[in-house]
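Structure assessment
Listed below are the residues making up each chain.
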Amino acid sequence: MTGTTISKGIKSKRRGKIIVHAILILGSFIMIFPFVWMILTSLKSLSETLLIPPTLFPSTVIWDSYPEVLRTLPFDKLYINTLLLMFWRIVCATIFSSMAGFAFAKLEFPGKKFFFFIVLTQLMLPSQIFILPQYLMLSSMNQLNSIFALVFPGLVSAFGTFFLRQFYMSLPNDLSEAALLDGCNTGQTFLRILMPLTKTAMMALAVFTALFAYSDMMWPLIVNMQVDKMTLSAGISNLQGQHSTKYPIMMAGSTLAMLPMLGLYLVFQRQFIEGIALTGTKA
């Protein structure tokens, strides 16, 4: 009787695993399908992309869309602008957010709760309401159509400040007190004791900042009107015609624009997964 019960339990667990794997495979297919459609569409002719009902695979593989999109857009400059945007936003977000997070978590100063309330307020408000004042500030500084204009909204990250503040709060106060007893001042305690313990959190923040910067399209379109000053997400929008769109060229441009983030994900896959897991932990 016991053996029969164990056998039923094993079969039930196997059945449950099969169902879970089937659901995960289905979900993976749903997420991957748009990328497959994009790549296959870039290999079709324009007439084939307009067929109803649509076809998945091209009847004849055509590579002309890729040379055409490279002639239409300065992809070398778009790649450079995007990488510079991601680099500087990562640097600014990790440095300033780490200092602000440490201050809010470990220091006591007048107006601490009020200033942290402002950070939370900015985090909850949609970023679109800041576009006009930020644009006017850059215009008054004569910094439109520049890399600085792209980086400007990400100089300080409210999300990064809150994220790292929660991580610093999880560190025991005994570390700070021991450092003070050993003669460290506040800056030395931050740089030598606590900040090295937040490397995982800062790498996770760097990955998320890179993702946000890469996918940002509205701001680069507003501050940089010249195509060679745009990022990949903004530059591809120029492939969409006013009256008609050449979908194979649009899909070819999207495929080429996807390569930098795909490469970064393959290189920093572990940090990306750790970052998602870290945001779900309770500090």
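I will try to describe carefully the structure that is included in this document. Predicted, not measured: the structure shown is a model, and the values here were computed from it. (Residues numbered from 1 in each chain as written. Predicted model: local features only at pLDDT ≥ 70, side-chain atom pairs only at ≥ 80, totals over all residues. Heavy atoms only, no water.)

The next thing to look at is the nonpolar core. The biggest cluster of nonpolar side chains holds 33 residues, and the ones touching the most others in it are Val69, Tyr214 and Leu239. Looking at this core element by element, the count peaks at eight residues for helix 14 (residues 247–267). In contact with Val69, not counting residues within four places along its chain, are Phe75, Leu239, Ile249, Ala252, Gly253 and Leu256. The next biggest cluster of nonpolar side chains, apart from the first, holds 13 residues, and it includes Ala105, Phe163, Phe167 and Tyr168. (Core = buried A, V, L, I, M, F, W, Y, C linked by side-chain atoms within 4.5 Å. Buried < 20%, exposed > 50% of the residue type's maximum accessible area, 1.4 Å probe, protein only. Helix = DSSP H or I, 4+ residues; strand = E, 2+ residues; numbered from the N terminus. Contact = heavy atoms within 4.5 Å.)

Applying the stated rule across the entire model yields four salt bridges. A salt bridge links Arg89 to Asp216, with the nearest nitrogen and oxygen atoms 3.7 Å apart. Separated by 127 residues along the polypeptide, Arg89 in helix 4 (residues 75–106) and Asp216 in the loop between helix 11 (199–215) and helix 12 (218–223) bring together distant segments of the chain. Residue classification places Arg89 among the buried residues on the basis of a relative accessible area of 10%. (Salt bridge = Lys/Arg side-chain N within 4 Å of Asp/Glu carboxyl O.)

On to the environment of Glu48, then. As for its placement among the helices and strands, Glu48 is situated in helix 2 (residues 46–49). Here the alpha-carbon distance between Glu48 and Ser65, two residues 17 residues apart in the chain, equals 13 Å. The contact partners of Glu48, leaving out residues within four places of it in the chain, are Thr55, Phe57, Pro58 and Ser59.

Within the span of helix 6 (residues 131–140), buried status applies to Ile131, Gln134 and Leu138. One face of helix 6 carries all of its buried residues, which in axial projection span an arc of 70°. Facing away from the buried side of helix 6 by more than 90 degrees, the exposed set consists of Leu132, Leu136 and Ser140. In the stretch just after helix 6, Asn142 is the one whose phi turns positive, near 55°. (Arc of directions from axis to C-beta.)

Between helix 3 (residues 65–72) and helix 14, the least distance of the axes is 9 Å, while the angle of their chain directions is 75°. As summarised for this structure, helix 3 and helix 14 are arranged roughly perpendicular, according to the angle between their axes. Across from Ser65, Tyr66, Glu68, Val69 and Leu70 in helix 3, the residues of helix 14 making contact are Pro248, Ile249, Ala252, Gly253, Thr255 and Leu256. Taken together, the residues of the contact of helix 3 with helix 14 break down into seven nonpolar, three polar and one charged. (Axes fitted to C-alpha atoms, helices over the stretch in contact; angles between N-to-C directions. Parallel < 35°, antiparallel > 145°, perpendicular 65-115°, else oblique. Nonpolar A, V, L, I, M, F, W, Y, C, P; charged D, E, K, R; others polar.)

Topologically, Thr189 is positioned in helix 10 (residues 186–194). Each residue touching Thr189, except ones within four places of it in the same chain, is listed here: Ser176, Ala179, Leu180, Cys184 and Leu194.

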